Amino acid sequence: MKRWIAGALVALLSLGALAQGFPERPVRLIVPLPPGGSPDTIARAIAQGLQGVWAQPVVVENRTGGGILVGAELVARAPADGHTLFSATPQVAIAQSMYKKATFNVRRELAPVALVGLIPNVLVVNPKTPSASVRELVELARAQPGKLNYSSTGAGTSVHLTAELLKYRAQVNIVHVPYRGAAAAMSALVAGDVDMLVDSLPPSLPHIRAGRARPLAVTTPERVPQLPDVPTMIEAGFPGFEVWGWSGVATTAGTPAATIAALETEIRRALADSQVASLYERVGLTVHFLGAQAFGAFWDAEIEKFALAVKHSGATVE
């Protein structure tokens, strides 16, 4: 027992020393998407929070291309010392089944550090679509196979695959019409070019409140305060239907557990900063912290969920 206690004390002291000495040089936070969007804003808020507690700068780098694969591979090939971080979104889960010819396995070659926040999604229809509920939408789709269509922010995105999960669960044929980005997908809905859209809640709210889009359900396990009268997909008759937009931090696989623990601690501390929380609220992200182990389990569950959608939609990226 004395030996176990002594070992535990040594481990704790070592972690404390690491937390004080880390980082030894500037930290890179790789964002695999262009600047200006919500994922970029969220990453820069985390970078700001971490830089406030570290003596070293945190440099955000936007590395686009190949979906998320260019940025993810850069982190995977970096030294496993915690100085190169990755801004993770649902795309890191989708990549496992979507990219058939990827040169590396994203989940195996990146290590989870922390989940930092969640964003609700919402199913909306054009106000002229004669459906006041998910049940009515499904009945309409069954009565007219292939006649209804839906827009998305692009093939293989989480909102595209959320709609595909609905199609699979409801056993209906609704045609996918991909657009380049959320603004174009919503514009198509508002114009009546498509019948429905699953989108992140924050950019949808102005259109919902102006009557340009009708919300039928949110994809969260409980109703959201912004739309208290809108049911969940679970309430609409689809048990277990839960899909979030989310943001997390990962690093290079093989990074020592003590380094990941130190990163996890500092990220949790950064999330408690009021300025970081304010930036998150601005893009509609709710702070929700999970440490490395719990985030890893969450990530694995997301891989399984989206693999089902990819399989039944037939979506692939070569």
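In what follows, the accompanying structure is described. All figures in this text were calculated on a predicted structure; none of them were measured in a lab.

### So, the overall build of the chain
Each helix and strand in the chain was counted, giving 12 helices and 10 strands. Here the C-alpha atoms of the chain give a radius of gyration of 21 Å, agreeing with the 20 Å that 2.2 N^0.38 yields for 318 residues. By principal-axis analysis of the C-alpha atoms, the chain measures approximately 70 × 40 × 40 Å. Buried residues in the chain amount to 50% of all 318 residues. Averaging the locations of the 27 positively and 24 negatively charged side chains of the chain gives two centres separated by 2 Å.

### Examining the packing of aromatic side chains
Applying the stated criterion across every chain, the model contains five aromatic pairs. Judged by centre distance (6.3 Å) and plane angle (70 degrees), the rings of F238 and F241 are edge-to-face. On the basis of relative accessibility, which here comes to 4%, the residue F241 falls in the buried class. Taking the centre distance of 5.4 Å and the plane angle of 80 degrees together, the rings of W246 and F298 count as edge-to-face. Here F298 lies in helix α12 (residues 292–313) and W246 lies in strand β9 (residues 244–252), a separation of 52 residues in the sequence. Of the residues examined, W246 reaches a relative accessible area of 3% and is grouped as buried. For F298, a relative accessible area of 18% corresponds to the buried category. One aromatic cluster is present, built from ring pairs that chain together W246, F295, F298 and W299. Here R107 stacks its cationic end above the ring of W299, 4.8 Å away from the centre of that ring.

### What about unusual backbone geometry?
A positive phi is found at Q171, a non-glycine position, where the angle reads about 55 degrees. Among the structural elements, Q171 can be located in the loop between α7 (158–170) and β6 (175–178). On the accessibility criterion, Q171 (59% relative accessible area) is exposed.

### Observations concerning the nonpolar core
Considering soluble globular proteins, one finds that nonpolar side chains tend to be buried as a cluster. In this structure, F86, L110, L123, V134, M196 and W299 are the most contacted members of the largest nonpolar core, which totals 56 residues. Aside from chain neighbours lying at most four places away, what touches L123 is V134, L137, L166, M196, L197, V198, R214, P215, L216, A217 and M233.

### Considerations on the environment of F306
Counting through the fold element by element, F306 comes out in helix α12. In this structure F306 comes out as buried when scored by relative accessible area, which is 0%. Sequence spacing of F306 and P57 is 249 residues, and the spatial spacing of their C-alpha atoms is 35 Å. Among residues more than four places away in sequence, those in contact with F306 are P90, A93, I94, S97, S158, L161 and V243.

### Remarks on the environment of L216
Residue placement: L216 occurs in strand β8 (residues 214–218). Sequence separation of L216 and T232 is 16 residues, and the distance between their C-alpha atoms is 8.5 Å. Filtering out sequence-adjacent residues up to four positions away, L216 remains in contact with L123, V125, S131, A132, S133, V134, L137, V230 and P231.

### Some words on the side chain of T84
Relative to the helices and strands, T84 is located in strand β3 (residues 84–88). Residue T84 is classed as buried on the basis of its relative accessible area, which comes to 5%. Each residue touching T84, except ones within four places of it in the same chain, is listed here: R28, I30, L74, V75, A78, A250, T251 and T252.

### Considerations on the packing of helix α4 (residues 91–98) against α12
With their axes 8 Å apart at the nearest point, α4 and α12 run at an angle of 50 degrees to one another. In this view, α4 runs oblique relative to α12, as classed from their interaxial angle. Handedness of the crossing formed by α4 with α12: right-handed. Each of V92, A93, I94, Q96, S97 and M98 in α4 lies in contact with α12, whose residues at this interface are W299, E302, I303, F306, A307 and V310. Per-class residue counts for the contact of α4 with α12 are nine nonpolar, two polar and one charged.

### Description of helix α3 (residues 69–76)
The buried fraction of α3 amounts to six of the eight residues, a majority that puts the element mostly inside the structure. Among the residues making up α3, those that are buried are L69, G71, A72, L74, V75 and A76. Next to the buried residues of α3 lie β1 (27–31), β3, α5 (106–109), β4 (110–125) and β9.

### Thoughts on the packing of helix α2 (residues 38–51) against helix α11 (residues 274–282)
Two numbers describe how α2 lies on α11: the axes approach to 9 Å, and their chain directions differ by 180 degrees. Between α2 and α11, the angle falls in the class roughly antiparallel. Note on element contacts: α11 touches α2 through Q275, V276, L279 and Y280, opposite I42, A45, I46, Q48 and G49. When grouped by side-chain class, the residues that make up the contact of α2 with α11 number six nonpolar, three polar and no charged.

Thresholds applied
Residues numbered from 1 in each chain as written. Predicted model: local features only at pLDDT ≥ 70, side-chain atom pairs only at ≥ 80, totals over all residues. Heavy atoms only, no water. Helix = DSSP H or I, 4+ residues; strand = E, 2+ residues; numbered from the N terminus. Rg over C-alpha atoms; globule rule 2.2 N^0.38 Å. Buried < 20%, exposed > 50% of the residue type's maximum accessible area, 1.4 Å probe, protein only. Lys, Arg positive; Asp, Glu negative; His and termini not counted. Charge placed at Lys NZ, Arg CZ, Asp CG, Glu CD. Phe/Tyr/Trp six-rings, centres within 6.5 Å; stacked < 30°, edge-to-face > 60°. Lys NZ or Arg CZ within 6 Å of the ring centre and 35° of its normal. Core = buried A, V, L, I, M, F, W, Y, C linked by side-chain atoms within 4.5 Å. Contact = heavy atoms within 4.5 Å. Axes fitted to C-alpha atoms, helices over the stretch in contact; angles between N-to-C directions. Parallel < 35°, antiparallel > 145°, perpendicular 65-115°, else oblique. Left-handed = near helix turned anticlockwise from the far one by under 90°. Nonpolar A, V, L, I, M, F, W, Y, C, P; charged D, E, K, R; others polar.

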